[in-house]
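Listed below, chain by chain, are the residues.
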Amino acid sequence: SASAAVAGNGFFDFSKPGAEWKAAGEARLAYSDAGLLVASDKPIFLASPAVKIDAAKTKWLSLMMRTRDAEFVTLQWASDAISWTGGYTFSIINDGRWHVYNIPTDTLYDWVGKVTSLSMAFISKKGSEIRFVGAAGKPMGSAEVRLRRFSTVEPLPRSGRIVTLR
């Protein structure tokens, strides 16, 4: 397990002591002033202690993380309004630097009712660090724009012609 400071709204700051998160399986956890260091040769699953989050009043899920090898993270939650576990999977940047990821909850159809637990899953053999994760009333950092695709609308024309990009 690992310590994290928690506010009443389900926001966990791992750079401060506080509530206990649990790791399933063989994940290795270490707590430091920078956050929670997590590593495992197998998929990592971390679960929060019980939370009480009013989904209608919480507009963002935020995560600050750095990794050298993880490619995707899945944030999951349990709610009293659904019989399944809600979740959202997204790609992350694995350059070893801190990055903030903000997910607007109004885009998540199963972010409803009273959320009772949070969890996250990812794969990181080299180790990843988590500074904070949880529900927030506003984005917890600036947006980082990253070009993922670059293509032309039509096949490339001959030299000297106009090209439309998308």
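See the structure shown above.
Residues numbered from 1 in each chain as written. Predicted model: local features only at pLDDT ≥ 70, side-chain atom pairs only at ≥ 80, totals over all residues. Heavy atoms only, no water.

J.: Any chance you could explain the pattern of salt bridges here in plain terms?
T.: If charged atoms from side chains of opposite charge come close, those side chains can pair. Summed over the entire model, instances satisfying the criterion amount to six salt bridges. Of the charged contacts, one joins K42 and E26 as a salt bridge, the two residues approaching to 3.4 Å between their closest N and O atoms. Here E26 lies in the loop between β3 (19-24) and β4 (28-32) and K42 lies in the loop between β5 (35-39) and β6 (44-47), a separation of 16 residues in the sequence. A salt bridge links D54 to K114, with the shortest nitrogen-to-oxygen separation between them at 3.3 Å. Pair noted here: D54 is in strand β7 (residues 53-54) and K114 is in strand β12 (residues 114-122), with a separation of 60 residues, a long-range link. Residue D54 is classed as partly exposed on the basis of its relative accessible area of 24%. Sharing partners across several salt bridges, the network here consists of D54, K57 and K114. (Salt bridge = Lys/Arg side-chain N within 4 Å of Asp/Glu carboxyl O. Helix = DSSP H or I, 4+ residues; strand = E, 2+ residues; numbered from the N terminus. Buried < 20%, exposed > 50% of the residue type's maximum accessible area, 1.4 Å probe, protein only.)

J.: Please explain the nonpolar core as it appears in this structure.
T.: One recurring pattern in soluble globular proteins: nonpolar side chains tend to sit buried together. In terms of nonpolar packing, the biggest core is built from 32 residues, with L46, L63, V73, W111, M120, F122 and I130 touching the most fellow members. Mapped by element, the contributors of at least two residues to this core are β5, β6, β8 (60-67), β9 (72-79), β11 (99-104), β12 and β13 (128-136). When residues in this core are grouped by element, the largest group, four residues, is from β12. With near-sequence residues (within four places) excluded, W111 lies in contact with I53, A55, T58, L61, W77, T105, L118 and A135. (Core = buried A, V, L, I, M, F, W, Y, C linked by side-chain atoms within 4.5 Å. Contact = heavy atoms within 4.5 Å.)

J.: I would appreciate a short explanation of the environment of G96 in the present structure.
T.: Along the chain, the position of G96 falls in the loop between β10 (86-91) and β11. Considered as a pair, G96 and D69 are 27 residues apart in the sequence and their alpha carbons are 8.3 Å apart. In this structure G96 touches R66, T67 and R68, once residues within four positions along its chain are discounted.

J.: Before we go on, may I ask you to explain the environment of E71 in this structure?
T.: Along the polypeptide, E71 turns up in the loop between β8 and β9. Each residue touching E71, except ones within four places of it in the same chain, is listed here: F90, S91, I92 and N94.

J.: Even after reading the chapter, I still don't get the pairing of β4, so can you show me in this structure?
T.: Taken together, the five bridges between β4 and β5 define a ladder with antiparallel strand orientation. Paired with S32 across the strands is G35, a residue of β5. (Pairing = 2+ DSSP bridges.)

J.: Which parts of the structure should I look at to understand the packing of aromatic side chains?
T.: Centre-to-centre distance and the angle between the planes together describe a pair of aromatic rings. Per the counting criterion, the structure on display carries six aromatic pairs. With 5.7 Å between their ring centres and 25° between their planes, Y88 and F90 make a pair best called stacked. You can call F90 buried: its relative accessible area is 10%. Judged by centre distance (5.6 Å) and plane angle (45°), the rings of F90 and Y101 are tilted. (Phe/Tyr/Trp six-rings, centres within 6.5 Å; stacked < 30°, edge-to-face > 60°.)

J.: Looking at this structure, how should I read the side chain of T105?
T.: Position of T105 among the secondary structure elements: in the loop between β11 and β12. For T105, a relative accessible area of 5% puts it in the buried group.

By themselves these figures say nothing about function.
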